[in-house]
Amino acid sequence: MRCVRPLLLLLPLLSLGSALIGQVAITGRITGVATDPSGARLEGATIEVSGPTLMQPHTVKTQPDGAYLVEQLPPGEYVLRCTQSGFSEHIQRGITLTAGFTSTVNISMAMGNDSQVVEVRATDPVVDVQGSSAPTTFDTSLLQNIPSGRDPWSTVAQVPGATTSTFDVAGNQSAQQSSMSVHGSKTTESVYSFNGLNMDWPGGSGGSTAFYVDYDSYQEIQVITDAAPPEVSVGGVYMNLVTKSGSNEFHGLAGFYYLTNALQATLKTTTFTSPTTGITAPVTNAGSPLIMARDMTLNGGGALIRDRLWGFGAYRFYVVKDAQLASLNSNGLPGTDPNHQSNGTVRLDYQASPKNHLDALWLYNVQNRFYRRSTSYTYVDQQAAGRQIEPAWAMQAEYTATVTPNFMIDTRAGYMHLHEDQQNEPGVTPTTLSVADVTLSTLKGVQQTYPLTRSGLTRLASSASWFKGGWWGSHSFKGGGEWAIASTSANTNAPQGINVFYNNNVPYQVRVYNTPIVSESVFHMFALFLQDAWTIDRKVTVSVGTRFDHFRTYNPAQCSPQATFNTLFTTRCYPQSANLANFNNWVPRLSVAYDPTGSGKQVIRAGFNEFMLSQGTTLASTVNPNTASGNIYNWTDVNGDGIPEMSEYINTPATPATFGGINTSIDPHISRPYSLQYNVGYQRQIKDIALGASYYYRTTKNQIARINAALPSSDYDTTKTIANPLVSKYPDIGAPATLTLYNLNPAYKNVPAAYVLTNVPDVSNNHYNGIEFTATRRFDQRWQVLAGFTYQSNKGTYSATTSDDFNDPNQNINRYNSSIDQDAPFVVKVDGTYAGPWKVTASLNYQHTTGYPVLPTYVIPSTVGLTQSETIKLAPNGAMRLDAINQVNLRLSRPTKLGDHLTLEMLCDLNNLTNANPVIARTASWGANFFKQSNFLNPFVARFGAKLTW
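The residue numbering used here restarts from 1 in each chain and proceeds along that chain's sequence as written. Per-residue local features of the predicted model are confined to residues with pLDDT of at least 70, and side-chain atom pairs are confined, for both listing and counting, to 80 or more; whole-chain, interface and lining totals are unaffected and use all residues. Values reported for side chains reflect all heavy atoms of the structure, with hydrogen atoms and water molecules removed beforehand.

> So what about the sheet that holds strand S44 (residues 704–708)? Which residues, and what values?
Spatial ordering of the open sheet is given by S41-S47-S44, a layout of three strands whose pairing is mixed. Each edge of the open sheet is held by one strand with a lone partner, namely strand S41 (664–666) and S44. Shown here is a sheet whose adjacent strand axes are inclined to one another by a mean of 30°, direction ignored. Here five bridges tie S44 to strand S47 (residues 755–759), and the two strands are oriented antiparallel to one another. Along S47, the bridge assignment pairs alanine 705 with threonine 758. For two strands to count as paired, DSSP must find a minimum of two bridges between them. Counting from the N terminus, the helices are the DSSP runs of H or I reaching at least four residues and the strands are the DSSP runs of E reaching at least two. In this analysis, axes come from line fits to C-alpha atoms, helices being fitted only over the stretch in contact, and the angle between any two N-to-C directions falls in the range 0 to 180 degrees.

> So what's going on with unusual backbone geometry? Which residues, and what values?
Along the chain, threonine 515 connects to proline 516 via a cis peptide bond; the corresponding omega equals 0°. Structurally, the position occupied by proline 516 is in the loop between strand S32 (506–513) and strand S33 (517–536). The phi angle at asparagine 505 is positive, at roughly 75°, despite the residue not being glycine. In the Ramachandran plot, aspartate 821 falls in the positive-phi region, its phi being about 55° despite a non-glycine side chain. If you trace the backbone, aspartate 821 turns up in the loop between strand S50 (818–819) and strand S51 (826–835). Each residue's exposure class comes from its accessible area (1.4 Å probe, protein chains only) as a fraction of the maximum for that residue type: buried when under 20%, exposed when over 50%, partly exposed otherwise. The class of aspartate 821 is partly exposed, set by a relative accessible area of 30%.

> An account of the packing of aromatic side chains is requested, with residue identities and associated values reported.
To pair, rings of Phe, Tyr and Trp, with the six-membered ring standing in for Trp, must have centres within 6.5 Å; the planes then decide the type, stacked if under 30 degrees apart, edge-to-face if over 60, and tilted in the middle. Applying the stated criterion to the full structure yields 24 aromatic pairs. Ring geometry for tyrosine 730 versus phenylalanine 930: centroids 5.8 Å apart, planes at 75°, classification edge-to-face. Of the two residues, tyrosine 730 is situated in the loop between helix H5 (725–729) and strand S46 (738–744) and phenylalanine 930 in the loop between strand S59 (919–922) and strand S60 (933–936); the sequence distance between them amounts to 200 residues. Take phenylalanine 930: its relative accessible area is 0%, and that puts it in the buried class. Note on tyrosine 791 and phenylalanine 826: the rings are 5.0 Å apart at their centroids and 35° apart in plane angle, and the pair reads as tilted.

> Explain the confidence of the model for the protein chain residue by residue, including any values.
pLDDT expresses, on a scale from 0 to 100, how confident the predictor is about each individual residue. Confidence in the prediction of the protein chain, expressed as mean pLDDT, is 92, and 96% of residues score 70 or more. Residue range residues 1–22 is modelled with pLDDT below 50. Its contacts to residues more than four positions away, or to other chains, number 66 contacts. Any two residues whose heavy atoms approach within 4.5 Å at even a single point are treated as in contact.

> Kindly report on the pattern of salt bridges, identifying the contributing residues and their values.
When the charged atoms of two side chains lie near each other, side chains of opposite charge can form a pair. By convention in these notes, a salt bridge is any Lys or Arg side-chain nitrogen within 4 Å of a carboxyl oxygen on Asp or Glu. Scanning all chains against the criterion turns up 28 salt bridges. Note that arginine 29 is salt-bridged to glutamate 71, the shortest N-O span being 3.7 Å. With arginine 29 in strand S1 (residues 28–35) and glutamate 71 in strand S4 (residues 67–73), this pair connects stretches of sequence that are 42 residues apart. No difference in accessibility class separates arginine 29 from glutamate 71, as the two residues are buried.

> So what's going on with the environment of threonine 187? Residues and values would help.
Tracing the chain through its elements places threonine 187 in the loop between strand S12 (180–182) and strand S13 (190–194). Using a relative accessible area of 25% as the deciding quantity, one classes threonine 187 as partly exposed. Taking the C-alpha atoms as reference points, threonine 187 and threonine 664, 477 residues apart in sequence, are found 24 Å from one another. Beyond its immediate sequence surroundings of up to four residues, threonine 187 is in contact with Ser179, Met180, Ser181, Gly207 and Gln822.

> Got a sec to walk through the nonpolar core? Specific residues and values, please.
In these notes, a set of buried Ala, Val, Leu, Ile, Met, Phe, Trp, Tyr and Cys residues joined through side-chain atoms within 4.5 Å is what counts as a nonpolar core. With 48 residues, the main nonpolar core has Phe138, Phe194, Phe211, Ile221 and Met416 as its most contacted residues. Dropping the residues within four chain positions of it, methionine 416 is found in contact with Met199, Asp200, Trp201, Pro202, Ala210, Phe211, Trp393, Ala394, Ser455, Gly456 and Leu457. Counting 34 residues, the second largest nonpolar core, distinct from the first, contains Tyr852, Val854, Tyr858 and Trp926.

Okay, structure coming up:
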């Protein structure tokens, strides 16, 4: 892997904290003001915070204005002690912290002597009155009690306002990651942060991960969604996975979960009426019901040297298999999708001295998907799937130094490696062709390409924080940044070097590839940030900061073997490219938090923040001539044998000549996309419940899309009008009755395409508006809740990004005023746990989501008489939608004490309790199968489990 080094090469850099390179907090903070009985501020009082998650107590002194701040407190429960000569010792217990949470604890000291103690157990603060946002935190109670798919995506699906591309029932979607969006964010605006360090897979546009995690190895999962501080790079879903650690007391968990199709209801019977033939028939080839799932997990941690060296280890083995009713086996029976996942986790924490802490983390994951269907086609035969063998591993290290009680340095480094081999299925021979039908959405024979992908990422991050009181209030300064280098490479082949396409069972096209190829793309990035959280008179906190982001990407020198079609693709070696994108951007972050009473029980927040969109290697790989590219030819099956002979397509004009990196370039003046966010909200603590109401606005600018510079819009100089086939069958969706098509001047039919990736101004026309109400309560006195109701709208110009052509006026038909991304007007989330009588605990997970938009398309038949091939949009995205989701998951469990240290908990998850089977996917291409149901929410299934904790 080019330009990637193991973590050991970075370990010497861990001491360079003064380099100020930054990351996200995985710890909490306690802050406040100490006063005497008259209300005067106390300077020099000693604040000591202790708890079972600390090897050493943390001690600070109050500032001249009485303010104090205690940082670097891992998630857990703490005791605060305040002492000062002439005053009684003040003790406050039961202060619960989660990652990134700042608990405000104001101290009123009583007159007395050192031997007197005033002990307080006030209501635990649940509102962060200084923070710029209110992240959603899944603590151990939520992670272990709420029934879910036991993966990051089904966890994010419980976040108020968040939407995911898949809907999970008992883990049926856990073997394939889901794209995520919140409050109008792009699905690429996601970060998988392991212990506060961004470890995203570097391929694509960012926002994906190489790891399928061990769910039980995490202490907390913190999800930051809005108004994030400058150390957070993205404005979408920032998922911070905080690994469990050891402690002075040995602790652990052993768990087993099991289900089988005998515990599953059957899909409800439904029918489909073809819009073109009028034939009504039962739908039997849609859905993915579970066949079996086994999930085994074991972890434990403790002290190797008490108060000095802690260790934690975890292992998980997970098997899930489902039926693929839309897929056929060679014997004519439905296909299957078996998946195996295994994980290993090791963490060590070392307290080198009272002021210096070092921890190291090793993660290993193997994800084997034996019939992966990574394609846009709905009906993929079993043999046309891919056999994915995917080991991945990562190392991390973190060093924290308390230079003074109010000045701290935190430095982290990590390395991630992925090896993904997507092999052909058994039974595929060298003569097997890949055959797709663009209208019927079928794929037969063999997968279209089979890559071996390798990815590597090295990242260094560090920050320094300094707390200072008495400067017209208290200031919490933080500065830092991060640096990373990453690469992705792929060995890619195509069956016999071609893909075959039909259009509604009629021979249509042949794509000829330049394979086999060995490609590589690289990116470098670094960022710097600075922020001051200025608290004035205990009521107002102004968080003002800025972030600088640098990103550049290029294709290194590379060569590929001789092509299958060696007379068409003669160039096989390419020199290193120049920087294909070189972005340098400053962005502002501004948030205000106002506590009207200064009591720490309520806060009014407002913010304006700019975020640069995530970038991976996709810009470089899209224009890399050494990636899977080639020519597209019309195909006429002269002899009617269904097999494309070279004489039937190779001598016909290419339409539109070429595809892939061999005909694509990047605008040299391209700018980095960014989003602007505005938010205002109110949150109030009533007893121990935090209630909130917020408004969010977002717009995304400088978005990148594709144009064909060789064919400007003026080259489409005649028109044809056709009836919209959608209107007669679906008259109420608002689609236009007729469609005006634009014909390319025949003189330009054979002009080679020259695609350019550029900032298309039309795509910047977008806007998100959302109102959200939330309620949260930590588990205490037998119950907890996490709930949200979101009403929202996400509209704008539809873009297919790097596969679009904004110069083709046919592609602009029904493009504007569309629903964009995962637009869902109504989203409701409710998580709750109640420990009832007879030691029976009931936990609920309810989700409602408006059905996602469907974009109806139409492959224009050759009989219309256009010079060029076209696929158009019959209606704006969102004019038609999938069914709304209403899913109820219920867990019943009962813990039993086995002596003083062991607890056995038997549980039963009733997933999709109401057996709702809404349609979650339909065929969107006009034809005999248009709008046919292709997948449903999985039916009710019971999952049994047992957990032993100590």
